Amino acid sequence: MSAQSQPLSAYVTLVSNDGYEFKILRDAACIAGTIKKALDPASGFREVAENRMELPTINGVVLEKVCEYLYYNQKNMESKDVPDLEIPPELCLELLIAADYLDV
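Cut-offs and rules
- Residues numbered from 1 in each chain as written.
- Predicted model: local features only at pLDDT ≥ 70, side-chain atom pairs only at ≥ 80, totals over all residues.
- Heavy atoms only, no water.
- UniProt positions renumbered as here; feature names shortened; annotations may be inferred.
- Pairing = 2+ DSSP bridges.
- Helix = DSSP H or I, 4+ residues; strand = E, 2+ residues; numbered from the N terminus.
- Axes fitted to C-alpha atoms, helices over the stretch in contact; angles between N-to-C directions.
- Contact = heavy atoms within 4.5 Å.
- Buried < 20%, exposed > 50% of the residue type's maximum accessible area, 1.4 Å probe, protein only.
- Arc of directions from axis to C-beta.

If you look the chain up in an unreviewed UniProt entry, it shows as Elongin-C from Karstenula rhodostoma CBS 690.94. UniProt lists a comment for the chain under the heading Sequence similarities (unreviewed entry), and it reads "Belongs to the SKP1 family." Under the UniProt heading Subcellular location (unreviewed entry), the note attached to the chain is "Nucleus".

Here it is, written out as structure tokens:
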């Protein structure tokens, strides 16, 4: 059975460059354009079949905050007057780089 004929899993695993794994909802993960393209069944990428995406430029601490943001974004997508997400100052630069890479 091909990957395209199998139903898509509701969850995907994001893997940091230091081996930490984060299992998050596919809908939340796909807020990030890079992840959405990699997990698109039409792309033919192995990530579709494995429901797993390795992110070699993002460490575990940053990826944890990225996952938190993806859920935060999903939860507050339709809301107005959303409070700011707390971001530790020491992560700002790395998060900016990760956000650019992931297209969020």
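## Here's the deal with the sheet that holds strand β2 (residues 21–25)
Pairing is mixed across the open sheet formed by 3 strands, whose spatial order is β2-β1-β3. Two strands bound the open sheet, and with one partner strand each, they are β2 and β3 (52–54). Strand-to-strand twist of the sheet, defined as the mean angle between neighbouring strand axes without regard to direction, takes the value 25 degrees. Where strand β1 (residues 11–15) meets β2, 5 bridges bridge the pair, whose relative direction is antiparallel. Opposite Val12, over in β2, you have Ile24 as the bridge partner. On the sheet, helix α4 (residues 60–75) packs against β1 and β2 and is oriented at approximately 10 degrees with respect to β2.

## A short note on the UniProt feature "domain: SKP1 component POZ" (unreviewed entry) in the chain
UniProt records the feature "domain: SKP1 component POZ" (unreviewed entry) at residues 12–74, using the numbering of this structure. The span residues 12–74 carries 48% helix and 19% strand; its end-to-end C-alpha distance comes to 15 Å.

## Topic: unusual backbone geometry
Phi angles above zero are rare outside glycine, and Asn51 is one such case at about 50 degrees. For Asn51, the location among the structural elements is in the loop between α3 (46–50) and β3. Of note, Asp103 is a non-glycine position whose phi angle comes to about 60 degrees, a positive value. Secondary-structure assignment places Asp103 in the segment after α5 (92–102).

## Considering α5
Taken together, the buried positions of α5 are Leu95, Ala98 and Leu102. Projected down its long axis, α5 shows its buried positions confined to an angular sector of 65 degrees, all on one face. In α5, the exposed positions angled more than 90 degrees off the buried face are occupied by Leu93, Leu96, Ile97 and Asp100. In this fold, the buried residues of α5 make contact with α2 (33–38) and α4. Positioned one or two residues after α5, Asp103 has a phi angle of 60 degrees, which is positive.

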